[in-house]
Amino acid sequence: MAIQPREDTMILNLGPQHPSTHGVLRVLVELEGETVLNVKPDIGYLHTGIEKSGERLKYQQVITLCDRMGYLDNMMDELAYVLAVEKLLGIEVPERVKWIRVLLAELERISSHLVWIGTHGLDLGAMSMFMYAFREREKILDIKENLSGVRMMTSFIRIGGLAQDLTPQFEPMVREFIRYFPQRLQEYNELLTKNEIWVERTKGVGVLPPDVAINMGCSGPTLRGSGVPYDVRKTMPYSGYENFDFEVMVGRNGDVYDRFWVRIQEMAQSLRIVEQALDGLPEGPWRIDDRKIVPPPKDEIVTSMESLIHHFKLYTEGLKPPVGEVYQAIEGGRGEMGYYVVSNATGKPYRFHMRAPSFYNLQALPKMAHRCLIADLVAIIGSTDIVLGEIDR
Amino acid sequence: MNDWGDVLVTGIIKSVIALALLMAGGGLLTLMERKILGRLQTRYGPIRVGPFGLLQPLADGLKMLLKEQPVPANAKIGVYLVAPAISLFVAFMAFAIVPVGPSFFLFGKMRTLSVTNVNIGMLYLLAILSLGVYGVVLGAWSSANRYSLLGGLRAGAQMISYEISLGLAILGVVVLAGTLSPIGIVEAQKAPGMTWFVFLQPVGFFLFMIGGVAETNRAPFDLVEAEQELIGGYFTEYGGMRWGLYMLAEYINMLTVSALVATLFLGGWIGIGTGILWTVTAAPWAQLLGVFWFFVKVAFFIFVYFWFRATLPRIRYDQLMGFGWKVLLPLSVLNMLVTALYVSLR
């Protein structure tokens with residue numbers, strides 16, 4: 001792990017407790033004056049053994065773990081895992097479920113990007129941005145709370161459907177957000193995108209060439225900032241994304257500014273998808289009708305013996321997918337968020353693994369940060385938008 | 001009472017009052033900053049301690065005094081302990097020449113409303129301001145921390161880059177006023193045919209504002225203590241009241257620089273529209289009104305400081321240096337030349 005310093009260089013230990021490492025990332029930096037020569041990210045300080053714990057939980061219970069890995073875009077984590085298990089089970093969910101999932105995932109993308117823009121602004125010293133971004137995120141959290149009763153760890157998206165139907169307040173709340181948010185986005189542009197100092201600080205900093213980005217396995221805005229139009233929503237559509245009209249935003253130079261710009265534009269695109277999903281939301285059931293996978297309705301349990309047995313079996317033994325393994329990727333807030341689930345036909349996954357986009361994006365940090373300044377290093381770490389929860393798992 | 005005794009007594013009285021006011025002012029500024037930043041960031045700021053959080057500075061001070069103050073193992077202990085005191089001392093010293101109101105007669109002598117009326121005041125000020133960097137650099141070096149060291153290096157480089165253009169900006173005013181005394185400079189702005197120097201020296205005003213923000217290490221030039229990069233910069237290893245002294249020095253420096261902007265460019269205690277809209281002649285009212293106007297101007301620039309902090313991202317180290325040497329310095333030299341030419345041809 002150690003870097004051997006030259007006689008005229010200094011090793012600086014950035015983290016794991018440092019204001020701008022976005023959690024508990026430790027970065028060893030070799031400095032020549034303020035110039036960064038070598039960067040070695042050191043992860044593992046947030047290792048929770050979540051993946052291993054997943055092997056001891058039933059398929060339904062694993063959803064709660066997914067929430068806690070990428071804790072900034074919980075619903076997307078849930079979605080990726082649930083899609084993987086549904087693929088394993090070979091089931092198709094109703095149209096309404098798909099649309100609601102897309103709607104929630106896109107709201108979640110906005111909220112995830114809001115946390116990013118807030119913390120990234122803070123990293124570069126624009127401290128008000130943090131408060132403004134969190135003010136807007138609060139609205140999304142309110143929507144989530146109204147929907148599921150929980151602000152972050154919602155566990156709302158379930159195998160075979162959702163936890164429940166949308167609440168009556170859901171639509172007005174989302175409509176209000178759609179009306180409210182574009183002005184805020186405009187404000188961010190005034191505050192940052194058009195800010196001379198901001199542009200100076202981010203343009204040409206931390207350039208990630210497209211070929212390097214691809215070789216490093218980067219995805220999401222980090223990759224798109226380098227000009228590679230790879231978006232799982234377009235390349236491998238899932239959950240009915242092919243029905244929605246949106247653009248994949250790509251940068252040109254692959255610097256911090258481009259990654260910033262891509263995310264800002266993505267928020268506007270996500271808002272478009274949310275609006276389309278809300279306008280065209282089909283009527284229908286909010287989960288499948290398969291008692292081996294989803295529990296029977298509560299009032300049926302108290303009247304029907306068969307339902308009671310189904311309920312009992314489902315919660316004691318769990319659902320049992322056939323033997324097999326699947327990989328399901330979705331476009332998360334940070335990039336290709338994939339879940340790999342292996343089943344041995346018991347009620348618990350044999351192996352459960354997450355392809356965390358942050359992990360791969362972080363790999364590119366030494367390439368991006370070569371010969372930059374310390375202040376740039378902080379900007380670059382911020383621009384990859386890492387979540388240590390999903391890196392360490 | 002003879003002359004020397006008089007000087008001594010007034011000096012002591014003025015110093016005590018100034019020290020007390022500056023300490024209180026520094027404390028109040030922390031509250032004001034948190035309140036204003038809070039409002040600009042859609043939150044309240046402190047509201048719990050006392051009405052409207054007014055007692056917050058007291059609570060903070062008490063907390064800092066009661067805190068454990070560990071010293072890093074490898075610290076150069078002597079320097080480490082003295083460095084914050086140097087910073088605060090320099091901050092107090094700089095304020096000594098600032099006149100907060102018009103002079104008046106009392107006990108048969110002309111009394112000034114500054115701690116001391118030095119006729120080479122601006123020269124003294126430049127000298128003292130340059131000393132300010134010692135507190136920072138020594139504190140940074142002695143705490144044996146790499147983040148502190150980087151902060152100290154930045155401080156040294158930043159001060160050098162800014163002091164020159166700051167000095168040249170002051171020089172423009174001095175040339176125009178024909179005196180180095182701050183009281184003389186304010187009087188000069190009241191002289192017939194003259195107006196506030198911000199109108200005669202707009203470039204100098206601009207340079208002084210930027211230089212002043214850089215001088216006090218405030219956003220967007222707060223690289224010395226850049227929290228997100230260097231954790232705390234030079235005071236990373238300081239805690240409790242030692243850290244408090246650094247903070248107090250910073251806030252008092254803000255007061256000083258704002259007061260200087262008001263004195264040099266905005267006519268000090270001269271009220272807005274005085275001589276045009278109205279004139280005040282009655283003695284006690286003129287003094288009080290003068291002090292009032294002075295504080296209004298200072299408060300405005302303090303607010304501008306906070307506004308900067310809420311709005312602007314931090315500039316990068318090399319960009320700041322480049323800006324200082326490539327933009328501000330040539331501009332200040334040019335400004336100086338034009339002013340000198342104007343004065344000599346007048």
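None of the values given here were measured: they were computed from a predicted structure.

Draft legend 1. Representation of the side chain of R137(A) within the structure. All names here are of chain A. Considering the arrangement of structural elements, one finds R137 in helix α5 (residues 127-148). E138 provides the closest opposite charge to the buried, unpaired R137, separated from it by 5.9 Å. Beyond its immediate chain neighbours, meaning those up to four positions away, R137 contacts L72, S111, L114, V115 and M152.

Draft legend 2. Seen up close, helix α3 (residues 77-95) of chain B. All names here are of chain B. Given a rise of 1.5 Å per residue, 19 residues ought to cover 27 Å, and the 29 Å separating the end C-alpha atoms of α3 matches this to within 8%. Along α3, the largest kink reaches about 30° and is centred on A83; proline P84 follows within four residues of it. Along α3, the residues that are buried comprise Y80, A83, P84, S87, L88, V90, A91, F92, A94 and F95. Where α3 is buried, its residues meet α1 (3-40), α4 (121-142) and α10 (240-265).

Draft legend 3. Molecular detail of the nonpolar core. Within the largest apolar cluster, 85 residues are counted, with the highest numbers of intra-cluster contacts made by Y81(A), L114(A), I117(A), I159(A), F170(A), V174(A) and Y339(A). Beyond its immediate sequence surroundings of up to four residues, I159(A) is in contact with Y59(A), Q60(A), I63(A), Y81(A), V82(A), V85(A), E86(A), L89(A), I293(A), V294(A) and L319(A). V198(B), F221(B), L223(B) and I315(B) belong to the second-largest nonpolar core, a separate cluster that totals 84 residues.

Draft legend 4. Spatial organisation of the interface of chain A and chain B. Every contact between the two is made by 35 residues of chain A and, on the other side, 27 residues of chain B. Buried surface at the junction of chain A and chain B, both sides included, amounts to about 2600 Å², of which 59% is carbon and sulfur. Looking only at chain A, the three residues that lose the most surface to chain B are E34(A), M127(A) and I197(A), adding up to 21% of its buried area. Viewed at the interface, chain B and chain A are joined by two salt bridges. Put simply, R316(B) and D376(A) hold a salt bridge, and the shortest N to O gap is 2.9 Å. The interface formed by chain A and chain B holds 10 residue pairs in polar contact (both at pLDDT 80 or more) in total.

Draft legend 5. Looking closely at the sheet that holds strand β2 (residues 26-32) of chain A. All names here are of chain A. Read across the sheet, three strands follow the order β1-β2-β3 without closing on themselves; strand pairing throughout is antiparallel. Edge positions in the open sheet fall to β1 (10-14) and β3 (35-42), since each of these has one partner strand only. Within the sheet, the average angular offset between the axes of one strand and its neighbour, ignoring direction, is 20°. Sheet analysis places β2 next to β3, joined by seven bridges and oriented antiparallel. Bridge pairing links E32 to T35 in β3.

Draft legend 6. Spatial organisation of the sheet that holds strand β7 (residues 336-343) of chain A. Residue and element names in this part refer to chain A. Strand order in this open sheet of three strands is β6-β7-β8, and the pairing throughout is antiparallel. Pairing within the sheet leaves two strands with one partner each, and these edge strands are β6 (324-331) and β8 (351-355). Taking the axes of each pair of neighbouring strands and ignoring which way they run, one obtains an average angle of 10° across the sheet. Relative to β7, β6 runs antiparallel, the two sharing eight bridges. Following the sheet pairing, Q328 is matched in β7 by Y339.

Draft legend 7. Region of interest: the pairing of β7(A). Counting buried positions along β7(A) gives seven out of eight residues, so the element sits mostly inside the fold. The antiparallel pairing of β6(A) with β7(A) creates a hairpin that spans four residues between the two strands, and G335(A) there sits at a positive phi of about 145°.

Draft legend 8. Region of the structure containing helix α2 (residues 56-66) of chain B. Residue and element names in this part refer to chain B. Those residues of α2 lying buried are Q56, P57, D60, G61 and M64. What you see down the axis of α2 is that its buried residues fit within an arc of 135°, all on one side. In α2, those exposed residues whose orientation departs by more than 90 degrees from the buried face are L58, L62, L65 and L66. If you follow the buried residues of α2, they end up packed against α1 and α10.

Scoring rules and cut-offs
Starting from 1, residues in each chain are numbered consecutively following that chain's sequence as written. Chains carry letters from A onward and ligands carry numbers from 1 onward, assigned in written order. In view of the model being predicted, local features appear only for residues whose pLDDT reaches at least 70, and side-chain atom pairs are presented and counted only at 80 or more, with totals across whole chains, interfaces and linings using the full set of residues. With hydrogens and water stripped out, all remaining heavy atoms of the structure feed into the side-chain values. A run of H or I in DSSP counts as a helix once it spans at least four residues, and a run of E counts as a strand once it spans at least two, with each numbered from the N terminus. Any residue under 20% of the maximum accessible area for its type is buried, any over 50% is exposed, and the rest in between are partly exposed; the area is computed with a 1.4 Å probe on protein chains only. Positive charges come from Lys and Arg alone, negative charges from Asp and Glu alone, with His and the N- and C-terminal ends not counted. A carboxyl oxygen of Asp or Glu within 4 Å of a side-chain nitrogen of Lys or Arg is what we treat as a salt bridge. Only heavy atoms matter for contacts: two residues are in contact if any of them lie within 4.5 Å across the pair. By this rule, a helix spans an expected 1.5 Å times one less than how many residues it contains. The seven residues ending at a residue and the seven starting there each receive a fitted axis; the angle between those axes is the bend at that residue. In these notes, a set of buried Ala, Val, Leu, Ile, Met, Phe, Trp, Tyr and Cys residues joined through side-chain atoms within 4.5 Å is what counts as a nonpolar core. Summed over both partners, buried area is the accessible surface (1.4 Å probe) that two parts give up on being assembled. Throughout this description, a polar contact denotes any pair of N or O atoms lying within 3.5 Å of each other; where both atoms belong to protein, one of them has to be capable of donating a hydrogen while the other can accept it, and for residues adjacent in sequence the pair is counted only when both atoms sit in side chains. Note on pairing: DSSP must find at least two bridges between two strands before they are called paired. Here, axes are lines fitted to C-alpha atoms. For helices the fit covers the stretch in contact, and angles between N-to-C directions go from 0 to 180 degrees. The arc in question is the one spanned by the directions pointing from the helix axis to the C-beta atoms.

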